[in-house]
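# Architecture at a glance
In case you want the letters, here they are:
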Amino acid sequence: MTDPLLSVKNLRIELNTRDGVAPVIDDFSFDLFPGEAISFVGESGCGKSMTALGIMGLLPEGVGKIASGSINFAGEDLSSAEQKRMRNIRGNEISMIFQEPMTSLNPVYTIGEQIAEVLRAHQGLSKQASWTKAIELLDAVRIPNPQARISDYPFQMSGGQRQRVMIAIALACEPKILIADEPTTALDVTVQAQIFDLLNDLRKQTGTAIILITHDMGAVAEMAERMIVMYAGRKVEEGPVQQVIDNAGHPYTQGLISCVPHILEKLTAKRQMLQEVPGIVPSLRDFGKDQCLFASRCQYVSEKCNNTRPTENKFSSSQTVACWLTESIQ
Amino acid sequence: MNNTDKNIVKARHPFTEAFEMFSKNIAAVIALIVLFLIILIAIFGPTLYPVDPFDMVWMPFSPPGEEGFIFGTDYLGRDLVAMIVHGARVSIIIGLSAAFVTVFIGVSVGAMAGFYRGWVEEVLMRITEFFQVLPTLLFAMVIVALFGASLTMITIAIGAVSWTAVARITRAEFLRIRELEYVTASRASGANNFILMFGIILPNALPPIIVQAALMVGSAILFEAGLSFLGLTDPNVVSWGQVIGSNRSYLLDASFTVTIPGAAIFITVLCISLVGDGLNDALNPKLRQR
């Protein structure tokens, strides 16, 4: 097996809140291998985006910080890297695309200027060369008539086109890792599928590893090979996508999967009543407690869940689950 | 290109939209034309009307129209037309350069405070507040009295007392824009702080700053007139305020010596304000649908 490209170990990210310091990410570890696509899944407020910002070194200043753990990228610990080095890595070796394509592009510059700017900053291309490359990139993200569209302003483009431009900017310097933070949440379903196709194709062409952050199980199944289910800043389950969907170990994962509607007319064994996971994510105050944070919403809760944080157990050869009841609920 | 392509309505450029919005405001358009004429007079007037404004050409207090002196003569028998024409240049230069100084200081301070937050913001905003509570005219008078009444000093003095409004606007805009997603996105693609401040955030913060700068030109002209009226002016150059100041003792006997330069200031500042107002309407998307 090859060495991981990105290896996060025991990461702990703390946020300063009015009630004191809260660990939004607690003892979180994962590996990302070159060219692989993994997915972070979980409800809002489970720390998916915080993990991404932590890797990028973009945690909100004065509010969030990496308290312990390491982020090892190609032999370098990003959690202690200098600002200058991080700026060099961002956009060049690790890129990110955001949830809201409508507001992620600067309204006062043409899209060509925005793509060319990244190329000039990181690869030292000339004005002419960066412009030519920008046209190629627009073509690669399948924007029709790139020669003409390159001098358009963001407001002249639709949401899907803007997200394509964002992808072009993110992939301009052929980064090793692309973090996609809910890239399709703001787009309608047909456009979502196009964007996923595009990301998949570009991944095949460039060999960029992708971290997809989403709460859409369909997107996970389409895009990723492995998935990491997060709950309240902790990893609750990890494993190959198909395996986890077919045989989820953690009650939370089971809940998430049963939330996905199927388009079938009649209620059958395959399509049961749509389930919901009752309750909400605990407040940040409770994040650091030594217990299973899902306990209050879990139908299998026992005494032990409320007193001790579950350890990560092997569920099958490639699947790990952090639940005390892994054995009994299989 | 086939026919259907030609029929597609092309999204309009923001500048086109702003320009259209501006041209709908008739008062602003007229004001812009008048302002344009005043600037032409300031540039070419002294060449086209080569009468030295300091020369005594006729009897003092000659009323307008007499002996071919359209605006008459002042208390020393100097041609008022020459004084207005030559004074236009000084007034407008001071207006523009003081506005420039104001914007320069204001944007620098506001940008630093809004971008870096924390103690930088605290220190800079306390300094801004300190300047805000100073009585502006008095403070400017002190500067001019201490360092001499040259045009440069007057410009600096006006700039030094009026940058606070620009600093506050810039800071507020920076605070708003720095949280927007495209700023995070630029950060995520490796932009450094300098690029973020002046390449990304500032261009988006410009509209209210432009409007404020336009209004600054008008108030700087007024300010200069006020200082000149009090005699704090370079005696070797004519400005409108200086004409009023030197003739103020004869206000009751020969009111035209004061009202004519006064009208020049009034018209110029009014035009600048109207243009600024038109710019505000054109650049502020919230007012666009009115």
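Computed from a predicted model, the values in this text were never measured in an experiment.

## Here we look at the overall build of chain A
A count of helical and extended segments in chain A gives eleven helices and twelve strands. Overall, chain A is about 65 × 55 × 45 Å in size when its C-alpha atoms are taken along their principal axes. Residue burial in chain A is summarised as follows: out of 330 residues, 52% are buried. The long-range fraction of contacts in chain A, counting pairs at least 24 apart against all pairs at least 6 apart in sequence, stands at 62%.

## Some words on the packing of aromatic side chains
Residues and elements named next belong to chain A. Overall, the coordinates contain 13 aromatic pairs over all chains when judged by the stated rule. Here Phe 28 and Phe 30 contribute two aromatic rings whose centre-to-centre distance is 5.5 Å and whose plane-to-plane angle is 55°, an arrangement assigned as tilted. Like Phe 28, the residue Phe 30 is buried in the burial classification.

## Here's the deal with the environment of Gly57(A)
All names here are of chain A. Along the chain, the position of Gly 57 falls in the loop between helix H1 (48-56) and strand E4 (64-73). Taking relative accessible area as the criterion, Gly 57 reaches 32% and is therefore assigned partly exposed. Separated by 116 residues in sequence, Gly 57 and Cys 173 place their C-alpha atoms 19 Å apart. Setting aside residues no more than four positions away along its own chain, Gly 57 makes contact with Met 86 and Arg 90.

## Re the sheet that holds strand E1 (residues 6-17) of chain A
Sheet strands pair by backbone hydrogen bonding; their relative direction is either parallel or antiparallel. All names here are of chain A. Across the sheet, which stays open at both edges, the four strands sit in the order E2-E1-E4-E5 with antiparallel pairing between neighbours. The sheet is open, and its two borders are formed by strand E2 (20-32) and strand E5 (76-77), each paired with just one other strand. Here E4 pairs with E5 via two bridges, running antiparallel. Directly across from Phe 73, in E5, lies its bridge partner Glu 76.

## Focus: the sheet that holds strand E11 (residues 313-316) of chain A
Residues and elements named next belong to chain A. Taken together, eight strands build an open sheet; the order of strands is E6-E7-E8-E3-E9-E10-E12-E11 and the sheet is mixed. Each edge of the sheet is formed by a strand with only one pairing partner; in this case those strands are strand E6 (94-97) and E11. Going from strand to strand, the sheet's axes swing by 20° on average, the running direction of each strand aside. Looking at chain direction, E11 and strand E12 (residues 319-321) are connected through three bridges and run antiparallel. The residue bridging Asn 313 from the neighbouring strand is Val 321, located in E12. The strands that helix H6 (residues 159-171) touches are E6 and strand E7 (177-181); relative to E6, the one it contacts most, it runs at about 170°. Here helix H10 (residues 251-258) sits on the sheet in contact with strand E3 (37-41), strand E9 (226-231) and strand E10 (234-240), set at roughly 105° to E9.

## Re the confidence of the model for chain B
Caution applies to low-pLDDT regions: their predicted coordinates should not be interpreted in detail. Residue and element names in this part refer to chain B. This prediction gives chain B a mean pLDDT of 83; 92% of its residues lie at or above 70. At the level of individual helices and strands, chain B shows its lowest average pLDDT in helix H1 (residues 3-7), which scores 46, and its highest in helix H8 (residues 164-177), which scores 93. Below pLDDT 50 for its whole length, residues 1-7 participates in zero contacts with residues either more than four positions away or in separate chains. The ipTM, which scores confidence in the relative placement of chains, is 0.78 for this predicted complex, and the corresponding pTM is 0.79.

## Details of the interface of chain A and chain B
On the side of chain B, 20 residues touch chain A, which itself brings 25 residues to the contact. The junction of chain A with chain B conceals about 1800 Å² of combined surface from both sides, 58% of it contributed by carbon and sulfur atoms. There are zero salt bridges connecting chain A and chain B. If you list the elements that add at least two residues to the side of chain A that touches chain B, you get E6 and helix H3 (111-123) of chain A. Broken down by element, the residue count for the side of chain A that touches chain B peaks at three residues, all from H3(A). Per-class residue counts for the side of chain A that touches chain B are 13 nonpolar, six polar and six charged.

## Considering the pairing of E9(A)
Residues and elements named next belong to chain A. Counting buried positions over the six residues of E9 gives six, a clear majority of the element. Of the two faces of E9, both are covered, the one formed by Arg 226, Ile 228 and Met 230 as well as the one formed by Met 227, Val 229 and Tyr 231. With four bridges connecting them, E3 and E9 associate as parallel partners. Residue pairing in the sheet places Phe 40 in a bridge with Ile 228 of E9. Where E9 folds back onto E10 in an antiparallel hairpin, the turn is made up of two residues, including Ala 232, whose phi is positive at roughly 50°.

The rules behind these values
- Residues numbered from 1 in each chain as written.
- Chains lettered and ligands numbered in written order.
- Predicted model: local features only at pLDDT ≥ 70, side-chain atom pairs only at ≥ 80, totals over all residues.
- Heavy atoms only, no water.
- Helix = DSSP H or I, 4+ residues; strand = E, 2+ residues; numbered from the N terminus.
- Buried < 20%, exposed > 50% of the residue type's maximum accessible area, 1.4 Å probe, protein only.
- Contact = heavy atoms within 4.5 Å.
- Phe/Tyr/Trp six-rings, centres within 6.5 Å; stacked < 30°, edge-to-face > 60°.
- Pairing = 2+ DSSP bridges.
- Axes fitted to C-alpha atoms, helices over the stretch in contact; angles between N-to-C directions.
- pLDDT = per-residue confidence, 0-100.
- Buried area = accessible area lost by both parts, 1.4 Å probe.
- Salt bridge = Lys/Arg side-chain N within 4 Å of Asp/Glu carboxyl O.
- Nonpolar A, V, L, I, M, F, W, Y, C, P; charged D, E, K, R; others polar.

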